[in-house]
Amino acid sequence: MDVTIDQSVFRENLLNGKTAIVTGASRGIGAAIAQKLCEAGANVVLCSRSADAVGQIADMLQDTGYTALSMAADISEKADVETLIEKTISQFSQIDILVNNAGITRDMLLMRLKDEDWDAVLQTNLTGTMYCTRAVLRPMIRQKSGRIINISSVIGLMGNAGQASYAAAKAGIIGLTKATAKEVGARGITVNAIAPGFITTDMTAQIPEQSQQQLLELIPLRAFGHPEDVADAVCFLASDAARYITGQTLQVDGGMVM
Ligand code: NAI
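Rules of the game
- Residues numbered from 1 in each chain as written.
- Predicted model: local features only at pLDDT ≥ 70, side-chain atom pairs only at ≥ 80, totals over all residues.
- Heavy atoms only, no water.
- Pairing = 2+ DSSP bridges.
- Helix = DSSP H or I, 4+ residues; strand = E, 2+ residues; numbered from the N terminus.
- Axes fitted to C-alpha atoms, helices over the stretch in contact; angles between N-to-C directions.
- Near = heavy atom within 4 Å.
- Polar contact = N/O pair within 3.5 Å; in protein donor to acceptor, adjacent residues only side chain to side chain.
- Areas by Shrake-Rupley, 256 points an atom, 1.4 Å probe, with all protein chains shown as cover.
- Nonpolar A, V, L, I, M, F, W, Y, C, P; charged D, E, K, R; others polar.
- Core = buried A, V, L, I, M, F, W, Y, C linked by side-chain atoms within 4.5 Å.
- Buried < 20%, exposed > 50% of the residue type's maximum accessible area, 1.4 Å probe, protein only.
- Contact = heavy atoms within 4.5 Å.

## Observations concerning the sheet that holds strand E5 (residues 146-151)
Okay, so step 1: Reading across from one edge, E3-E2-E1-E4-E5-E6-E7 is the order of the 7 strands in this open sheet, with parallel pairing throughout. Because the sheet does not close on itself, it has two edges, and the strands there are strand E3 (68-72) and strand E7 (249-252). The average angle at which neighbouring strand axes cross in this sheet is 20 degrees, direction not considered.
Okay, so step 2: Two elements, strand E1 (residues 19-23) and strand E2 (residues 43-48), share 5 bridges in a ladder whose sense is parallel.

Listed below in structure tokens is the structure:
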């Protein structure tokens, strides 16, 4: 059978008319996710703590002709999250896709870890993800559809010395993903996680060159990932092609953990 698919048309129409929120979209993986969702036809609300940084990314996307809005919101603050969701609904009347991407690290060996650093990492990565997820459930249940995609990490699967808080938060996201998937599956909402491996962004730029080379040896594909690799997985999980997938954690890690 001879089948020809126009890839560009497929890609542009994938999420036509959908509205997506991406947290932590001022740079790195979040900015790439926002761009790919725009390319796939979605209206995208980009959120980050700093209005300036996220505004620049949204302006760049608007200049390309996409519907992209920026909103300053600290996802670790419940009131900020509620305002973000209200403003998105008043602008676009619906929320089809939530990508919980915002995250921070404050790495330290557990023996020396300060309570405030533990609290900050858990509050942003895990509690912030819960705040955003909880806030979109009502509109998604009303619509009888929705896609929630949580950015976890391979560190949440395998642990890492010096990253107890981050590993706990990212493992917590996987538990949150599964529980939420079970609660809202019957309402037409899917909830999945992505566990990226080593992706070249500001977050990983701090890792010393020698450690980076050692890490490379652990990756069967012998390359670090790029933000676009994670963004492609997000577009898949947000699309109709992933309609029968929920409660899963998709690793985008070059085979690093298996
Ligand atoms: P990054 O540090 O380059 O960007 C993080 C983004 O989150 C920024 O836009 C920042 O402003 C935003 N953010 C941080 N705290 C926030 C808050 N309280 N409220 C709103 N926005 C906030 O990080 P990167 O590398 O792009 O990572 C994105 C996500 O992917 C994070 O959740 C990270 O844990 C995860 N990840 C990254 C990996 C990597 O190798 N870079 C590997 C595995 C997971």
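Read on, since the account is not over.
## With respect to the site of the ligand
Okay, so step 1: As a matter of local geometry, the ligand sits amid 29 residues, with Ser26, Asn101, Tyr166, Ile199 and Thr201 nearest to it.
Okay, so step 2: Within the backbone of Ile29, one N or O atom sits 2.9 Å away from an oxygen atom of the ligand.
Okay, so step 3: Backbone polar atom of Asn101 to an oxygen atom of the ligand: 2.7 Å apart, as the coordinates give it.
Okay, so step 4: Here the ligand, which alone exposes 840 Å², has 96% of that area covered by the protein.
Okay, so step 5: Only helix H2 (28-39), helix H7 (164-184) and helix H8 (202-205) provide two or more residues apiece to the shell around the ligand.
Okay, so step 6: No other element matches H8, which puts 3 residues into the shell around the ligand.
Okay, so step 7: Considered class by class, the residues forming the shell around the ligand number 12 nonpolar, 12 polar and 5 charged.

## What about the nonpolar core?
Among soluble globular proteins, nonpolar side chains are generally buried collectively.
Okay, so step 1: By size, the foremost hydrophobic cluster in this structure holds 35 residues, and its most contacted members are Ile33, Leu37, Val44, Leu46 and Ile194.
Okay, so step 2: Those residues in contact with Ile194 that lie beyond four places of it in its chain are Ile149, Asn150, Ile151, Ser152, Ser153, Val230, Ala233, Val234, Leu237, Leu250 and Val252.
Okay, so step 3: Ranked by size, the runner-up nonpolar core spans 23 residues in total, among them Ala73, Ile85, Leu98 and Val191.

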